[in-house]
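# Results of the structural survey
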Amino acid sequence: MNLYKNILFLLPLAFSGALISCSDEKLAEINEDPNRPGNVPTPTILLTAEKQIMDNIRNENFSLRGTMLFAQYYSQNIYTDQSRYDIPRSYSDVFWANSYKALNNLNQIIKINTDELTKSVASAGTAGSNANQIAIARILKAFTFHSLTDVFGDVPYESYGNKDPEFEALQQNPDNYTPVYASQEKIYVDILNELKAAGDTLLKYKGQNTFGSSDIIYAGSNEKWAKFAQSLRLRLSTRIRVKLPAVSEEHFSDALAKGVFTSNADNAAFKYSSGAPNEAPLYRATVTANRKDFAVSHVLVNVLKGELGPFKTADPRLPRYALPNERQIYIGQPYGLPLEAGGINGPTAISLPGAIVNAPDFAEVLQEYAEVAFLIAEYNNWDDASYRKGVEASLTKWGIDGATAKSYADALPAANKENVLTQKYLALYTQGLEAWSEIRRTGYPIFLVKPGDVVWSRQTENGIVNYTFQPIFGNGIPKRLYYPNKEQNVNREHYQQALARQGDDVITTALWWNK
């Protein structure tokens, strides 16, 4: 299948109370001509794309066997190869393919809202104006391309507002199997401009609603989508501050002035359904599949206990993040054990992911207020007030009462680089890709397991055995993932051009913003 072809993937079943209701007659209308996605209502396409994005970024292989392990939030307790960075290329194949499927659906929303033959139909009823539908699609495209480039580096890219000849990934020719790869630098700059333009449009019409209940993330609130666009600009501009300081400053200050997240009510999250087959990815991977492969790592558990890292008090988030073991205590699975030691600790002896995290209707986060507060703290030279706001926001998001959250935040040591970035790491739990990106960008937290570290000492009949962390590939946390195998064969010329610019197709090659 051509990954860049405009193909619509529809949800097979509705979310409870979330999908727009469709009569049999309407469903028959949609199915009359599957080769003309212009016949499909744009709210349905949006819902499909939102679910594709979140299913993909949190799927079992990419997240549970990938980014959540890279960030050392989870640790494998049976097979340990991915904890030691033996990453199958099939993980890249699936993440890449599903990202472009979602992007094609978002692009279809834009096409329907710009084509003279379809745009009046697209904006009929309660779907919202053409301009606002396009703006929301642009924001989700920006988020998806941002995820892609943070995984691989240079990728095929497409922009609504910039007709650069390198930006041809989703252009009109449906049989373009060999799009060029845009450089990560150009992608980042254009994503920031896309977010600015889309946010400005939605801010202009902030009192209006677009897509309504088909929008799981914000229920169609233009104002909240505008805040999300500005908040993402904070994240991206911070990522490139060292490389492009002037661009970073321009976007960060402009986004702040226009309005970013100010509370957890602004969080961008996709809430799954409690009914099959639309449960959250972790639930499907553990409960539905009845697997106990993933435990909370000893790194995270020990930090939350106050036994590791700069914070020496117990963190109230521990019972939310993890379950107690059979003895009703919290024991993290040692991270990165050799294969022969992987299955020694049974699933009842260690802490599995918490009940909130592993609920079928868990709300997977795209971005939240706590992260924004930490970004502002960093921008303002490790500002103490913003740091504590970020901590409080994280705790209350996880169900900690306000008084307890404030008491914990007030008792923390003063803001500095280590403390802010460590609390940011704790707040990003479940958001494996963003946590992995921040580890690569900053080198924090400094307590993460490194090659040669002893991760577990075990008493045996022959004495104490020390198990050290030894990666199978690379020399530490991966810098990126491999490109898909198909790209090497079908799009070899542009694949090789990307390697010539970026570096070898290995997990130790740093991305542009990380060099």
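Here's what I pulled together on the structure shown here.

Our focus in this paragraph is the packing of aromatic side chains. The final tally for this structure, using the stated rule, is 33 aromatic pairs. Arranged with centres 6.0 Å apart and planes meeting at 85°, the rings of Trp-96 and Tyr-483 form a pair that is edge-to-face. Of this pair, Trp-96 sits in helix α4 (residues 89-114) while Tyr-483 sits in the loop between β6 (463-468) and α18 (485-490), placing them 387 residues apart in sequence. Residue Trp-96 shares its accessibility class with Tyr-483, and that shared class is buried. The interplanar angle of 65° and the centroid separation of 6.4 Å between the aromatic rings of Tyr-218 and Phe-228 together place this pair among those described as edge-to-face. Taken as a pair, Tyr-218 in the loop between α7 (184-204) and α8 (222-239) and Phe-228 in helix α8 lie far apart in primary sequence, 10 residues in all. Its relative accessible area of 0% is what places Phe-228 among the buried residues. Members of the aromatic cluster, each reached through a chain of ring pairs, are Phe-62, Phe-95, Trp-96, Tyr-100, Phe-145, Phe-152, Tyr-157, Phe-167, Tyr-181, Tyr-483 and Tyr-495. The cationic tip of Arg-239 hangs over the ring face of Trp-513; the distance from NZ or CZ to the ring centre is 5.3 Å. Here the guanidinium or amino end of Arg-241 rests over the ring plane of Phe-252, the centre of that ring lying 5.4 Å away.

Mapped onto the fold, Thr-67 is located in helix α3 (residues 60-70). Setting aside anything within four residues of it in sequence, one finds Thr-67 in contact with Phe-62, Gly-432, Leu-433 and Trp-436.

Our focus in this paragraph is the nonpolar core. One finds Tyr-73, Tyr-74, Phe-228, Tyr-425 and Tyr-429 to be the most contacted residues of the largest nonpolar core, which totals 144 residues. Broken down by element, this core gets its largest block of residues, 12 residues, from helix α6 (residues 130-152). If near-sequence neighbours (up to four positions away) are discounted, Phe-228 is found in contact with Ile-139, Phe-143, Tyr-218, Phe-261, Ala-268, Leu-366 and Gln-367.

A separate point is the packing of helix α13 (residues 369-379) against helix α16 (residues 417-427). For the pair α13 and α16, the least separation of the axes is 10 Å and the interaxial angle reads 165°. Taken together, the axis directions place α13 and α16 in an arrangement best described as roughly antiparallel. Pair α13 / α16 crosses with left-handed handedness. Across the interface between the two elements, Ala-370, Glu-371, Phe-374, Leu-375, Ala-377 and Glu-378 of α13 pack against Val-420, Leu-421, Gln-423, Lys-424 and Ala-427 of α16. A class-by-class count of the residues in the contact of α13 with α16 yields seven nonpolar, one polar and three charged.

It is worth spelling out helix α15 (residues 402-411) at this point. Each full turn of the α-helix corresponds to 3.6 residues, which orients residues three or four apart in the same direction. Along α15, the positions that sit buried rather than exposed are Ala-405, Tyr-408 and Ala-409. The buried residues of α15 all sit within an arc of 95° when viewed along its axis, so they share a single face. Turned more than 90 degrees off the buried face of α15, the exposed positions are Ala-403 and Ala-411. A distance of 3.2 Å separates the backbone nitrogen of Ala-403 from a side-chain oxygen at the start of α15, and that oxygen is part of Asp-401.

Scoring rules and cut-offs
- Residues numbered from 1 in each chain as written.
- Predicted model: local features only at pLDDT ≥ 70, side-chain atom pairs only at ≥ 80, totals over all residues.
- Heavy atoms only, no water.
- Phe/Tyr/Trp six-rings, centres within 6.5 Å; stacked < 30°, edge-to-face > 60°.
- Helix = DSSP H or I, 4+ residues; strand = E, 2+ residues; numbered from the N terminus.
- Buried < 20%, exposed > 50% of the residue type's maximum accessible area, 1.4 Å probe, protein only.
- Lys NZ or Arg CZ within 6 Å of the ring centre and 35° of its normal.
- Contact = heavy atoms within 4.5 Å.
- Core = buried A, V, L, I, M, F, W, Y, C linked by side-chain atoms within 4.5 Å.
- Axes fitted to C-alpha atoms, helices over the stretch in contact; angles between N-to-C directions.
- Parallel < 35°, antiparallel > 145°, perpendicular 65-115°, else oblique.
- Left-handed = near helix turned anticlockwise from the far one by under 90°.
- Nonpolar A, V, L, I, M, F, W, Y, C, P; charged D, E, K, R; others polar.
- Arc of directions from axis to C-beta.
- Polar contact = N/O pair within 3.5 Å; in protein donor to acceptor, adjacent residues only side chain to side chain.

The analysis is restricted to geometry; functional conclusions fall outside its scope.
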